[in-house]
Amino acid sequence: MSKYIHIPVDALTEEQATFELEDLAHEIKHHNELYHQKDTPEISDAAFDKLFQRNQAIEKKFPHLKREDSPSQFVGSAPAAVFSKIPHGVPMLSLNNGFSKEHIVDFIKKICRFLSLSENALEFIAEPKIDGVSTNLLYENGFLTKGATRGDGKVGEDITNNLKTIKDIPHKIHGGNIPKRIEIRGEIYITKNDFLELNQSREKEEENLFANPRNAAAGSLRQLDSTITASRPLRFFAYGYGLHQDKSFNTEQEFLDQLKKWAFPIPTTYRLCKTLDDMLDFHAFMEKERAKLSYDIDGVVYKINQIHLQERLGIISRTPRWAIAHKFTAEQAITFLQNITIQVGRTGTLTPVAELAPVNVGGVIVTRASLHNEDEIKRKDIRIGDMVKIQRAGDVIPQIVGVIVDQRPIHSEEFIFPDHCPVCGSHTIRESDEAIRRCTGGLICSAQIIERLRHFVSRDAFDIDGLGYKHIERFYQEGLIKTPTDIFHLKNKINILETLEGWGKQSIKNLLESIEKRRTISLDRFIYALGIRQIGQRTSGLIAKHYKTYDQWYKSMISSSRDNNEDREELVNIDGIGPSTVNDIISFFTEPHNLSLLENLIKEIEIENISSHSNNNLLLSGKTLVFTGTLNTMSRTEAKALAEKLGATVTSSVSKQTDFVIIGSDAGSKANKATSLGVKILNETEWIKLTTSTN
């Protein structure tokens with residue numbers, strides 16, 4: 001588990017976020033494989049959801065740090081080798097989760113903004129979220145021809161023969177409106193009573209018991225011998241569709257009615273909701289009734305009822321914009337606060353952490369919890385020695401939600417946040433507009449140096465294998481590495497490396513070869529590796545794309561740091577880079593130690609220039625668009641999403657590099673600037689014509 005898991009997302013530095021996303025990607029992949037391939041999960045579904053929510057929350061705050069192997073890009077796990085693979089006609093998506101009324105309100109508001117519609121124009125189907133195994137059934141001319149697991153969302157495992165043993169799944173669709181081809185999506189599950197009987201039977205036979213009904217269903221489905229599957233009490237609920245030819249319905253409700261006519265079982269309890277109150281009432285009803293149901297549920301799913309609105313909304317990465325899972329209330333526990341420790345991050349951020357007596361919260365043993373910042377400690381009056389209430393909701397980080405004041409020790413004292421760094425002893429400062437306190441030690445603070453070095457060699461920076469956190473820390477303590485440049489001088493210190501425990505000739509050879517392979521790096525990765533505050537992957541990419549070469553960027557930044565307004569303005573005008581980020585970049589270039597670092601580094605490495613690449617398969621690829629004014633046929637958000645889908649880049653400012661400016665009503669200065677620069681202007685009608693001609 002990540003060393004930063006206890007830090008709230010809002011308090012994470014970019015460096016911490018980078019490493020935690022890496023840790024989460026590996027951890028979630030591990031649990032996905034156990035869950036989807038081996039049916040032997042190590043953690044509860046709720047605990048897994050919280051890991052995934054943690055990953056999503058970090059990506060939302062730091063979108064430029066999103067990894068290529070991010071769990072948010074994939075669903076489930078890659079198909080196991082023992083089953084043949086079946087590609088889904090339409091990807092099987094996952095759902096975003098909501099854990100409060102506020103999440104659902106935000107979900108609805110985003111839909112309204114995207115579609116430029118009022119809330120009373122929307123309808124939702126609310127249905128229980130079955131805790132089972134997602135399955136995809138392909139029917140051709142009414143006959144079941146293929147059946148697959150979710151797999152990674154794009155490709156699943158062929159379990160057709162096993163699915164045909166489940167009585168709830170029709171081998172042939174009867175009734176009217178039978179499409180030529182359709183994928184029916186649903187959940188395979190086992191009822192609570194059947195699960196108990198199954199485990200009682202296995203206990204008598206001295207076989208391993210299943211942990212819960214969901215695991216029993218998954219293990220039963222993924223049998224190479226279909227007679228074993230047939231012997232298990234598996235059931236099926238249909239809830240959706242994928243590929244569909246000859247669609248005969250316009251709403252989710254009509255689709256559910258069609259499923260019943262085709263003899264597919266669906267949850268008996270679902271509701272058409274026309275208001276937020278309708279949705280929340282159904283959620284409260286299901287949470288109250290869940291214990292009475294014969295099957296397990298862990299929340300409620302809300303889907304836009306109107307199919308044409310679903311199609312307009314589309315998807316974001318792996319999740320639809322038109323649906324959300326509203327999970328049930330999180331579990332809480334009470335434990336003893338043993339101590340409050342302070343961690344120091346790469347940029348000097350001081351983060352308070354609660355050290356707790358171990359306690360079980362929602363199936364997970366918790367020993368640490370986030371305390372956010374010194375204001376949060378004061379607001380909740382949290383003190384060492386308190387009995388505190390812990391909650392894990394919507395985020396894998398345990399949070400202290402309150403103090404049991406009447407159990408507080410008599411001689412309890414308020415916690416005083418340190419005004420000196422616990423690592424290097426330097427003074428700490430807190431800017432008037434920030435909630436965080438920082439160490440002023442900079443490069444003399446070992447905590448910051450080690451974190452900066454770790455960032456420098458991380459996957460999205462120099463990506464040097466063999467230099468993990470423990471190795472960086474050890475090499476620093478041994479005096480082998482003090483600055484990033486020292487990494488490239490390790491080849492001159494082989495005699496010292498050989499004296500270190502765990503470092504033989506072969507491991508040293510592998511490390512040095514890995515370092516040599518990384519002496520050439522692209523400009524965007526180099527900028528990111530420097531660890532400038534607020535400069536993540538996305539921002540470093542924007543900077544590199546704009547300046548193209550290291551020399552051009554360096555000269556412009558030096559000029560900007562010397563109050564050259566023209567160069568500073570050029571930096572500010574890069575779309576996606578705000579004034580605060582510009583100030584941090586300029587601050588980096590005003591520090592002599594940093595300039596010395598750059599001077600030494602470029603003697604050791606080669607920095608590749610940036611060249612533009614585009615996807616020629618899309619007719620708007622390589623085009624840069626700017627929207628201004630109010631559009632009547634769609635919201636600006638929907639228009640931007642459509643443009644990006646067609647391969648265009650959408651920016652917020654007009655320049656000579658802009659290809660089109662699309663103007664709505666009340667278009668202002670951007671339209672005027674486009675005219676002065678000779679950039680082509682399109683009205684809304686022309687824009688719609690352009691998009692339809694490229695579809």
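Everything numeric here is computed off the predicted structure, so don't read it as measured data.

**Q** What am I meant to see in the overall build of the protein chain here?
**A** Per the secondary structure count, the protein chain includes 25 helices and 26 strands. A compact globule built from 695 residues should have a C-alpha radius of gyration of about 26 Å, and the protein chain, at 28 Å, falls within 12% of that. Taken over 695 residues, the protein chain has a buried fraction of 52%. By sequence separation, contacts in the protein chain at least 24 residues apart represent 69% of the contacts at least 6 residues apart. If the 87 positive side-chain charges of the protein chain are averaged to one point and the 93 negative ones to another, these points end up 3 Å apart.

**Q** How should the environment of Ala 639 be read in this particular structure?
**A** Examined against the element boundaries, Ala 639 turns out to sit in helix 23 (residues 636–645). What makes Ala 639 buried here is its relative accessible area of 0%. Considered as a pair, Ala 639 and Ile 688 are 49 residues apart in the sequence and their alpha carbons are 9.4 Å apart.

**Q** I tried to follow the sheet that holds strand 25 (residues 660–663) on my own but got confused; where do I start?
**A** Each strand in a sheet pairs with another by means of backbone hydrogen bonds, the pair being arranged parallel or else antiparallel. Taken in spatial order, the 4 strands make up an open sheet running 24-23-25-26, and their pairing is parallel. If you trace the sheet from one side to the other, it starts and ends with strand 24 (649–650) and strand 26 (680–683), each paired once. Here strand 25 runs beside strand 26; their pairing, made up of 4 bridges, is parallel. Each residue of the ladder has a partner; that of Phe 660, found in strand 26, is Lys 680. With respect to the sheet, helix 23 is in contact with strand 23 (624–628) and strand 24, its orientation differing from that of strand 23 by roughly 170°. Strands in contact with helix 24 (residues 669–677) are strand 23, strand 25 and strand 26; relative to strand 23, the strand with the most contacts, it is inclined by about 140°.

**Q** Before we go on, may I ask you to explain the pattern of salt bridges in this structure?
**A** Within this structure, the stated rule accounts for 28 salt bridges. For Lys 327, the salt bridge is made with Asp 298, and the minimal N-O distance between the two is 3.9 Å. You can see Lys 327 sitting in strand 13 (residues 323–327) and its partner Asp 298 sitting in strand 10 (residues 297–304), a full 29 residues away along the chain. One exposure class covers both Lys 327 and Asp 298, and it is buried. Across the pair Lys 509 and Glu 513 runs a salt bridge, and its minimum N-O distance is 2.6 Å.

**Q** Even after reading the chapter, I still don't get the packing of aromatic side chains, so can you show me in this structure?
**A** Any aromatic ring pair is given by two values, namely how distant the centres are and how the planes are angled relative to each other. Inspection of the entire model under this criterion finds 20 aromatic pairs. Each ring, one from Phe 588 and one from Phe 589, has its centre 5.4 Å from the other, and the planes form 70°; the classification is edge-to-face. Each member of the pair, Phe 588 together with Phe 589, is buried. Through pairs of rings, three or more aromatic residues link up here, namely Phe 456, Phe 462, Phe 488, Phe 526, Tyr 550, Trp 553, Tyr 554, Phe 588 and Phe 589. Its guanidinium or amino end placed over the ring of Phe 285, Arg 271 lies 5.9 Å from that ring's centre, counting from NZ or CZ.

**Q** Even after reading the chapter, I still don't get the sheet that holds strand 3 (residues 124–130), so can you show me in this structure?
**A** The strand order 2-13-10-3-9 describes an open sheet built from 5 strands, whose pairing is mixed. The sheet is open, and its two borders are formed by strand 2 (97–98) and strand 9 (271–273), each paired with just one other strand. Bridge count between strand 3 and strand 10: 6 bridges; the pairing is antiparallel. Its bridge partner lying in strand 10, Phe 124 is registered against Ile 304. The strands touched by helix 3 (residues 101–115) within the sheet are strand 2, strand 3, strand 10 and strand 13, with strand 13 carrying the most contacts at an inclination of about 170°.

**Q** Just to check I follow, could you spell out the packing of helix 21 (residues 579–590) against helix 22 (residues 592–601) for this structure?
**A** How two helices sit against one another is set out by the angle between their axes and by the gap between those axes. Taken N-terminus to C-terminus, the directions of helix 21 and helix 22 make an angle of 80°; their axes are 5 Å apart at the nearest point. With respect to their mutual orientation, helix 21 and helix 22 come out roughly perpendicular. From helix 21, Phe 588, Phe 589 and Thr 590 reach across to helix 22, where they touch Pro 592, Asn 594, Leu 595 and Leu 598. Residue classes in the contact of helix 21 with helix 22 are distributed as 5 nonpolar, 2 polar and no charged.

**Q** Whenever I open this one, the packing of helix 20 (residues 565–572) against helix 21 confuses me. Can you help?
**A** Two numbers describe how helix 20 lies on helix 21: the axes approach to 10 Å, and their chain directions differ by 130°. In terms of their interaxial angle, helix 20 and helix 21 are classed as oblique. Helix 21 is crossed by helix 20, and the crossing has right-handed handedness. Every residue of helix 21 that contacts helix 20 at Arg 568, Leu 571 and Val 572 is listed here: Val 582, Asn 583, Ile 585 and Ile 586.

**Q** Help me understand helix 9 (residues 276–289), please; the structure alone is not making it clear to me.
**A** Residue pairs three or four apart in sequence face the same way in an α-helix, which turns once every 3.6 residues. Under the 1.5 Å per step criterion, the end-to-end length of helix 9 is 20 Å for 14 residues, consistent within 8% with the ideal 20 Å. Buried residues of helix 9: Leu 276, Met 279, Leu 280, Phe 282, His 283, Met 286 and Glu 289, and no others.

**Q** Could you clarify how one ought to interpret the side chain of Asn 162 in this entry?
**A** Mapped onto the elements of the fold, Asn 162 is located in helix 4 (residues 160–163). Its relative accessible area of 4% is what places Asn 162 among the buried residues. A distance of 2.8 Å separates the side chain of Asn 162 from the backbone oxygen of Gln 223, its partner in a polar contact.

**Q** Got a minute to help me understand the nonpolar core in this structure?
**A** It is characteristic of soluble globular proteins that their nonpolar side chains tend to be buried jointly. Counting residues in hydrophobic clusters, the biggest one holds 70 residues, and the most contacted among them are Phe 462, Phe 475, Ile 487, Phe 526 and Trp 553. Dropping the residues within four chain positions of it, Phe 526 is found in contact with Phe 462, Ile 521, Tyr 550, Leu 598, Leu 601, Ile 605 and Ile 607. Counting 34 residues, the second-largest nonpolar core is a separate cluster that includes Ile 169, Trp 262, Ile 266 and Ile 307.

**Q** Whenever I open this one, unusual backbone geometry confuses me. Can you help?
**A** Keep in mind that most residues, glycine aside, have a negative phi and that most peptide bonds are trans. For Asp 463, which is not glycine, the phi dihedral falls at a positive 55°. For Asp 463, the location among the structural elements is in the loop between helix 12 (446–457) and helix 13 (469–477). Phi at Asp 666 is positive, roughly 60°, even though this residue is not glycine.

**Q** Got a minute to help me understand the side chain of Arg 202 in this structure?
**A** With respect to the secondary-structure elements, Arg 202 resides in helix 5 (residues 192–204). Those residues in contact with Arg 202, other than ones at most four positions away along the chain, are Glu 207, Asn 208, Leu 209, Phe 210 and Arg 232.

**Q** Looking at this structure, I do not really get the confidence of the model for the protein chain. What am I missing?
**A** The predicted coordinates of low-pLDDT regions are not to be read in fine detail. When pLDDT is averaged along the protein chain, the result is 86; 92% of the residues meet or exceed 70. Here strand 24 stands out as the least confident element of the protein chain, with mean pLDDT 77; strand 9 is the most confident, with 97. Counting interchain partners and residues more than four positions distant, the pLDDT-below-50 stretch residues 612–616 has 4 contacts.

**Q** What should I look at first to understand the pairing of strand 4 (residues 133–140) in this one?
**A** Successive side chains on a regular strand alternate, one facing one side of the sheet and the next facing the other. Among the 8 residues in strand 4, 7 count as buried, and that is most of the element. Both strand 4 and strand 7 (residues 181–189) contribute to a ladder of 8 bridges, which runs antiparallel. Counted as the bridge partner of Leu 138 is Glu 183 from strand 7. Examined bridge by bridge, strand 4 and strand 5 (residues 143–149) share 6 bridges and lie antiparallel to one another. When the sheet's bridge partners are listed, Leu 138 is paired in strand 5 with Lys 146. Linking two consecutive strands that pair antiparallel, namely strand 4 and strand 5, is a turn of 2 residues; a positive phi of about 55° is found at Asn 141 within it.

What counts, and where the lines are drawn
- Residues numbered from 1 in each chain as written.
- Predicted model: local features only at pLDDT ≥ 70, side-chain atom pairs only at ≥ 80, totals over all residues.
- Heavy atoms only, no water.
- Helix = DSSP H or I, 4+ residues; strand = E, 2+ residues; numbered from the N terminus.
- Rg over C-alpha atoms; globule rule 2.2 N^0.38 Å.
- Buried < 20%, exposed > 50% of the residue type's maximum accessible area, 1.4 Å probe, protein only.
- Contact = heavy atoms within 4.5 Å.
- Lys, Arg positive; Asp, Glu negative; His and termini not counted.
- Charge placed at Lys NZ, Arg CZ, Asp CG, Glu CD.
- Pairing = 2+ DSSP bridges.
- Axes fitted to C-alpha atoms, helices over the stretch in contact; angles between N-to-C directions.
- Salt bridge = Lys/Arg side-chain N within 4 Å of Asp/Glu carboxyl O.
- Phe/Tyr/Trp six-rings, centres within 6.5 Å; stacked < 30°, edge-to-face > 60°.
- Lys NZ or Arg CZ within 6 Å of the ring centre and 35° of its normal.
- Parallel < 35°, antiparallel > 145°, perpendicular 65-115°, else oblique.
- Nonpolar A, V, L, I, M, F, W, Y, C, P; charged D, E, K, R; others polar.
- Left-handed = near helix turned anticlockwise from the far one by under 90°.
- Expected span 1.5 Å × (residues − 1).
- Polar contact = N/O pair within 3.5 Å; in protein donor to acceptor, adjacent residues only side chain to side chain.
- Core = buried A, V, L, I, M, F, W, Y, C linked by side-chain atoms within 4.5 Å.
- pLDDT = per-residue confidence, 0-100.

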